[in-house]
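# Examination of the molecular architecture
Listed here are the chains, written in short residue letters.
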Amino acid sequence: MDTAERTPDTPRPSDEGRLRLLSAAFARLRLSMAAMPAMGFLFGGLLAWLGGNPRGFFVGGALYLPALWYAWHLLRRYRREQLERPPADLLTTWQPRVRRLALAHGLALASAVALPMGSASYDFMLLVYAALIGTVAVHAAQMSASWQIYRAFFFGMGGSLVLMPWAFASHWYFTLPIALVMMAVIYRSAIHSHRFFVRQVALEEHSRDLAERYRQASSAAETALAEKNRFLSTAAHDLRQPVHAMGLLAEAIALHGKDIPRLQDLLTQWRLSMRSVSHLFNALLDLSRIESGAVELRPVPLLLHSLFDDLHTQFAAEAGARGLTLRLRRPPAQASVLADPALACQ
């Protein structure tokens, strides 16, 4: 990468991003070359109308036609190889080719200054230089996507300044410094434009990378959630069977030990404990079903008094076992809420 691309505040795009920048600069270079035949004939026609010799502009415009065909052929070949070769390979092969083409285009434009010398007026030569500097300025906003390409074009065009003492024999010591200042400003603007292109490409690549990471993380989270739900569903189902068996065992003991008062108290606590465990398993199962979206809510008016009775039954024995007294402030008898009965009990 060149000097303009190595600044600390300018991110480095990937090879694919640099290839996109090269493609943009190449397309702009071909567009610039496509305008040259028409510009040559227009400047030649104007010079002929002013009484000068237009032959150089006509010949130059005609010579640009095969050059334009060559650039079009290169661009087609470049786009075809984009589908077949990796970006790093393409950059190694095509960046020097496009750079040479840009340098040749810049030198050809610079030579346009020599075409009307000796037969053109001061005003016409001033128009030619203004058109050349304007071309450099316009390409600073697009061709600078690839700094190597624009720099080759810029310094090729800079050759026109060497001819300024002959183009403006009496005023070159004024026109040359003005042109140098303008070219320096354009060069600096091109550097900023190039850095903007690089930042945009790097930002797009970073955004795509973040989006891909988010997609992978989201997919992994969904997979983990599905596995957890399957585990909870399986565990709740498998553990409910021994709990149910323990409940049957408690009923069998109660049937055979009905004459033992102390045993009845213990069995009552046992039943409450089994009911609490059953509620816990149901809650785990319902949680997994809710997270997987398999639960359809059916809200109905639900009396709060019955919910508080269930809470007292469920936790009173546990509170007593810990030496605590469970007190509930029950709502009015007719107080109700709109809720799913099964989920509210969980």
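Up top you'll find the structure we're talking about.
Throughout this description, residue numbers start from 1 for each chain and increase along the sequence as written. Thresholds applied to this predicted model are a pLDDT of at least 70 for local features of residues and 80 or more for the giving and counting of side-chain atom pairs; totals over whole chains, interfaces and linings are not thresholded and use all residues. Calculation of side-chain values draws on the structure's entire complement of heavy atoms; hydrogens and water are dropped beforehand.

To continue, consider a nonpolar patch on the surface. Exposure above 30% relative accessible area and no salt bridge define the residues that can form patches, which grow by joining like charges within 9 Å and nonpolar side chains of Val, Leu, Ile, Met, Phe, Trp and Tyr within 5 Å. Accessible areas in this description were obtained via Shrake-Rupley with a 1.4 Å probe; residue shielding takes into account the shown protein chains only. Salt bridges are identified by distance alone: a Lys or Arg side-chain nitrogen within 4 Å of an Asp or Glu carboxyl oxygen. Residues Trp69, Tyr70 and Trp72 make up a contiguous nonpolar surface patch of roughly 360 Å² in combined accessible area. When a residue's accessible area, from a 1.4 Å probe over protein chains only, is under 20% of the maximum for its type it is buried; when over 50% it is exposed; and in between it is partly exposed. By relative accessible area, which is 42% here, Tyr70 ends up partly exposed.

A few words on the layout of surface pockets. With a 1 Å grid spanning the protein atoms alone, the term cavity applies to any set of points in which a 1.4 Å probe fits but cannot get out, the term pocket to an open set with protein on both sides within 12 Å along at least five of seven lines, and the term lining residue to any residue with an atom within 4 Å of a point. Grid points are joined across faces, edges and corners, and a volume is the space filled by probe spheres set on the points. Looking at the largest pocket, its volume works out to about 410 Å³. Lining the largest pocket we find 21 residues, and of these Met36, Met39, Gly40, Leu109 and Ala112 sit closest to its centre. Counting from the N terminus, the helices are DSSP H or I runs at least four residues long and the strands are E runs at least two residues long. At 6 residues, helix H1 (residues 15-49) tops the list of elements feeding residues into the lining of the largest pocket. Here the term charged refers only to Asp, Glu, Lys and Arg, the term nonpolar to Ala, Val, Leu, Ile, Met, Phe, Trp, Tyr, Cys and Pro, and the term polar to all other amino acids, Gly among them. Per-class residue counts for the lining of the largest pocket are 14 nonpolar, 7 polar and no charged.

In a pair of packed helices, the angle between the axes and the distance between the axes together describe the arrangement. Their axes nearest at 7 Å, the elements helix H3 (residues 87-111) and helix H5 (residues 147-157) cross at an angle of 25°. Comparing the axis directions of H3 and H5 gives the class roughly parallel. Handedness of the crossing formed by H3 with H5: right-handed. Touching Gln95, Val98, Arg99, Ala102, Leu103, His105, Gly106, Leu107, Leu109 and Ala110 of H3 are Gln148, Ile149, Ala152, Phe153, Gly156 and Met157, all from H5. Across the contact of H3 with H5, the residue classes tally to 10 nonpolar, 5 polar and 1 charged. To get an axis, fit a line to the C-alpha atoms, keeping to the stretch in contact for a helix; angles then go from 0 to 180 degrees between the N-to-C directions. Here the word oblique covers every angle except those under 35 degrees (roughly parallel), over 145 (roughly antiparallel) and from 65 to 115 (roughly perpendicular). The hand of a helix crossing depends on one turn: near helix anticlockwise from the far one by less than a right angle means left-handed, and clockwise means right-handed. Here, residues are in contact when the closest pair of their heavy atoms is within 4.5 Å.

We now examine empty space enclosed by the protein. Per the counting criterion, the structure on display carries 2 cavities of 30 Å³ or more. Forming the walls of the second largest cavity are Tyr129, Leu132, Ile133, Val136, Met157, Ser160, Leu161 and Met183. With 4 residues, helix H4 (residues 122-139) is the largest single contributor of residues to the lining of the second largest cavity. The residue inventory of the lining of the second largest cavity, partitioned by class, reads 7 nonpolar, 1 polar and no charged.

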